[in-house]
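Here's the letter readout for the chains.
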Amino acid sequence: MDTSTTALLWYASWPVLIWASYRFVLLNIRHHANLERLEELEARCQETQETKP
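Throughout, residues of each chain are indexed from 1 in the direction in which the sequence is written. Under the rules for a predicted model, residues below a pLDDT of 70 receive no local features and side-chain atom pairs below 80 are neither given nor counted, while totals for whole chains, interfaces and linings still include all residues. Only hydrogens and water are set aside when side-chain values are computed; all heavy atoms of the structure are taken into account.

**Remarks on the overall build of the protein chain**
Alright, step 1. Across its full length, the protein chain holds one helix and zero strands.
Alright, step 2. In summary, the protein chain has a C-alpha radius of gyration of 23 Å against a globular reference of 10 Å for 53 residues, an excess of more than 25%.
Alright, step 3. C-alpha extents for the protein chain along the principal axes are approximately 75 × 15 × 5 Å.
Alright, step 4. Note on charges: Lys and Arg go in the positive column, Asp and Glu in the negative column, and His and the chain ends are not counted at all. Each charge is placed at NZ for Lys, CZ for Arg, CG for Asp and CD for Glu. Across the protein chain, the centroid of the 5 positively charged side chains sits 10 Å from that of the 7 negatively charged ones. Each helix corresponds to a stretch of at least 4 residues labelled H or I by DSSP, and each strand to a stretch of at least 2 residues labelled E; elements are numbered beginning at the N terminus. We compute the radius of gyration from the C-alpha atoms alone; for a globule the expected value is 2.2 Å times N to the 0.38, where N is the number of residues.

This is the structure:
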């Protein structure tokens, strides 16, 4: 491959890398929020089970 072709491919790949990184971070943030919600629901469920006679 020519040096200019390699450079062009490198520069063209940056938007894809940035988009993929953004999507990965977004996925992790959503997953973390879902885990926190699940922990709250589990705690609420345990509280209701403990208060039942």
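**Describing a negative patch on the surface**
Alright, step 1. There is a patch of like negative charges on the surface, built from Glu36, Glu39, Glu40 and Glu42.
Alright, step 2. Secondary-structure assignment places Glu39 in helix α1 (residues 3-51).
Alright, step 3. Residue Glu39 is classed as exposed on the basis of its relative accessible area of 53%. Without a salt bridge and with relative accessible area above 30%, a residue can belong to a patch; like charges are then joined within 9 Å and nonpolar side chains (Val, Leu, Ile, Met, Phe, Trp, Tyr) within 5 Å. The method behind every accessible area is Shrake-Rupley, applied with a 1.4 Å probe, and residues are considered shielded solely by the protein chains displayed. Counted as salt bridges are all cases of a side-chain nitrogen of Lys or Arg within 4 Å of a carboxyl oxygen of Asp or Glu. Exposure classes here rest on a 1.4 Å probe applied to the protein chains alone. A residue is buried below 20% of its type maximum, exposed above 50%, and partly exposed in between.

**Some words on α1**
Alright, step 1. Any helix carries an expected span of 1.5 Å times its number of residues minus one. Counted at 1.5 Å a residue, the expected span for α1 with its 49 residues is 72 Å, and the 71 Å between its end C-alpha atoms agrees.
Alright, step 2. In this scheme, the bend at a residue equals the angle between the axes fitted to the seven residues that finish there and the seven that begin there. Of all the bends in α1, the greatest reaches close to 30° and is centred on Trp14; the proline Pro15 follows between one and four positions later.

**Topic: a nonpolar patch on the surface**
Alright, step 1. A grouping of Trp10, Tyr11, Trp14, Leu17 and Ile18 is seen on the molecular surface, where their side chains present a nonpolar patch of about 590 Å² in accessible area.
Alright, step 2. Relative to the helices and strands, Leu17 resides in helix α1.
Alright, step 3. Using a relative accessible area of 40% as the deciding quantity, one classes Leu17 as partly exposed.

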